[in-house]
Amino acid sequence: MSTALTTSAPAACWACSAALATSALLCPTCGKVQPVSAADYFQVFGLARALTLDTAALERDFHRLSRRLHPDRFARASADEQQWSLANTALLNDAYRTLRDPIQRTEYLLRLEGLQIGEEHSGKGKSADRQPPADLLEEVFELNMQLEEMRMNQKMGENDPALLADLTAARTRFENLLAAVDTDLTARGAEWDGGSSEVRQKAANTMASLLDRRRYLRNLVRDVNAVLSNPAA
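Described in the following lines is the structure provided in the data block. Just so we're clear, the structure is a prediction, and the values are computed from it rather than from any experiment.

What counts and what doesn't
- Residues numbered from 1 in each chain as written.
- Predicted model: local features only at pLDDT ≥ 70, side-chain atom pairs only at ≥ 80, totals over all residues.
- Heavy atoms only, no water.
- Axes fitted to C-alpha atoms, helices over the stretch in contact; angles between N-to-C directions.
- Helix = DSSP H or I, 4+ residues; strand = E, 2+ residues; numbered from the N terminus.
- Parallel < 35°, antiparallel > 145°, perpendicular 65-115°, else oblique.
- Left-handed = near helix turned anticlockwise from the far one by under 90°.
- Contact = heavy atoms within 4.5 Å.
- Nonpolar A, V, L, I, M, F, W, Y, C, P; charged D, E, K, R; others polar.
- Core = buried A, V, L, I, M, F, W, Y, C linked by side-chain atoms within 4.5 Å.
- Buried < 20%, exposed > 50% of the residue type's maximum accessible area, 1.4 Å probe, protein only.
- Salt bridge = Lys/Arg side-chain N within 4 Å of Asp/Glu carboxyl O.
- Polar contact = N/O pair within 3.5 Å; in protein donor to acceptor, adjacent residues only side chain to side chain.

## Things to note about the packing of helix 5 (residues 137-156) against helix 6 (residues 161-194)
- At a closest axis distance of 10 Å, the pairing of helix 5 and helix 6 adopts a crossing angle of 140°. When the axis of helix 5 is compared with that of helix 6, the two are oblique. Crossing hand, helix 5 versus helix 6: left-handed. Side by side, helix 5 and helix 6 meet where Glu 139, Leu 143, Gln 146, Leu 147, Glu 149, Met 150 and Asn 153 of the first sit next to Leu 163, Leu 164, Asp 166, Leu 167, Ala 170, Arg 173 and Phe 174 of the second.

Spelled out as structure tokens, the structure:
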């Protein structure tokens, strides 16, 4: 059974029947706000589903639509239109926040395509490609030991320059691995945008695994930063 998000956007304006080609929220012909629908974030901006976006154009469209949807513009409209302007403004804001960020955009598109994305779907008990990266387990074990030792030193007011240097080096390594994942995600995203259905499926599965790896690395960097930023360190 597919787990893809169900989306549906109206094809034509409820007031003048013009095609809603540039946004599911406003009619380009008569300017009427449209009823609340299950339009996805790409349909909000009249975009095809893609991971490579012109973010400058996205920002311009966001501001243009924000101005036209502002509730003050519908103060004399019907009660339904006033309600639609509020709901569609909230939808527009959510869509913009998600699509402008490449990681959130990737996670969102993969959910639309039916993949389970997020921390709640990774880790123990899930499929093999969602387990913590096997190639990092030994390093992570060593890192956790070092973090625990540093926390104890900080609690006791002791200083260990060698341990501090090791943790700083570990942070740099994990930050570099995180950057490599982002580069790989960009490449797989380009494959998804231009590929056949078979290529897209393969790229989507790879991106899901990369997002799990990224989440794991991000948490490691966060943990090291928390210890190194301790004033007692």
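## Observations regarding the packing of helix 3 (residues 79-99) against helix 4 (residues 102-112)
- Running from N to C, helix 3 and helix 4 cross one another at 110°; their axes reach a closest spacing of 6 Å. Taken together, the axis directions place helix 3 and helix 4 in an arrangement best described as roughly perpendicular. Along the contact surface, helix 3 presents Arg 97, Thr 98 and Leu 99, while helix 4 presents Gln 104, Arg 105 and Tyr 108.
- Across the contact of helix 3 with helix 4, the residue classes break down as two nonpolar, two polar and two charged.

## What about the nonpolar core?
- Counting residues in each nonpolar core, the largest one holds 53 residues, and the members touching the most others are Phe 45, Leu 92, Leu 110, Leu 143, Leu 167, Phe 174 and Leu 217.
- Broken down by secondary-structure element, the contributors of at least two residues to this core are helix 1 (41-44), helix 2 (55-69), helix 3, helix 4, helix 5, helix 6 and helix 7 (197-228).
- At twelve residues, the largest contribution of residues to this core is made by helix 7.
- Beyond its immediate sequence surroundings of up to four residues, Leu 143 is in contact with Leu 167, Ala 170, Phe 174, Leu 220 and Val 224.

## What about the pattern of salt bridges?
- By the definition in use, this model includes 14 salt bridges.
- Among the salt bridges present, the one from Asp 40 reaches Arg 49, with a minimum N-O distance of 3.6 Å.
- The buried category is assigned to Asp 40, whose relative accessible area is 2%.
- Taking the shortest distance from any N to any O, the salt bridge between Glu 113 and Arg 49 comes out at 2.9 Å.

## Quick word on the side chain of Asn 88
- Positionally, Asn 88 belongs in helix 3.
- Classification of Asn 88 by relative accessible area gives buried; the value is 1%.
- Polar side-chain contacts of Asn 88 include one of 2.8 Å to the backbone oxygen of Gln 34.
- Those residues within four positions of Asn 88 in sequence are excluded, and the remaining contacts are Leu 25, Val 33, Gln 34, Pro 35, Val 36 and Leu 69.

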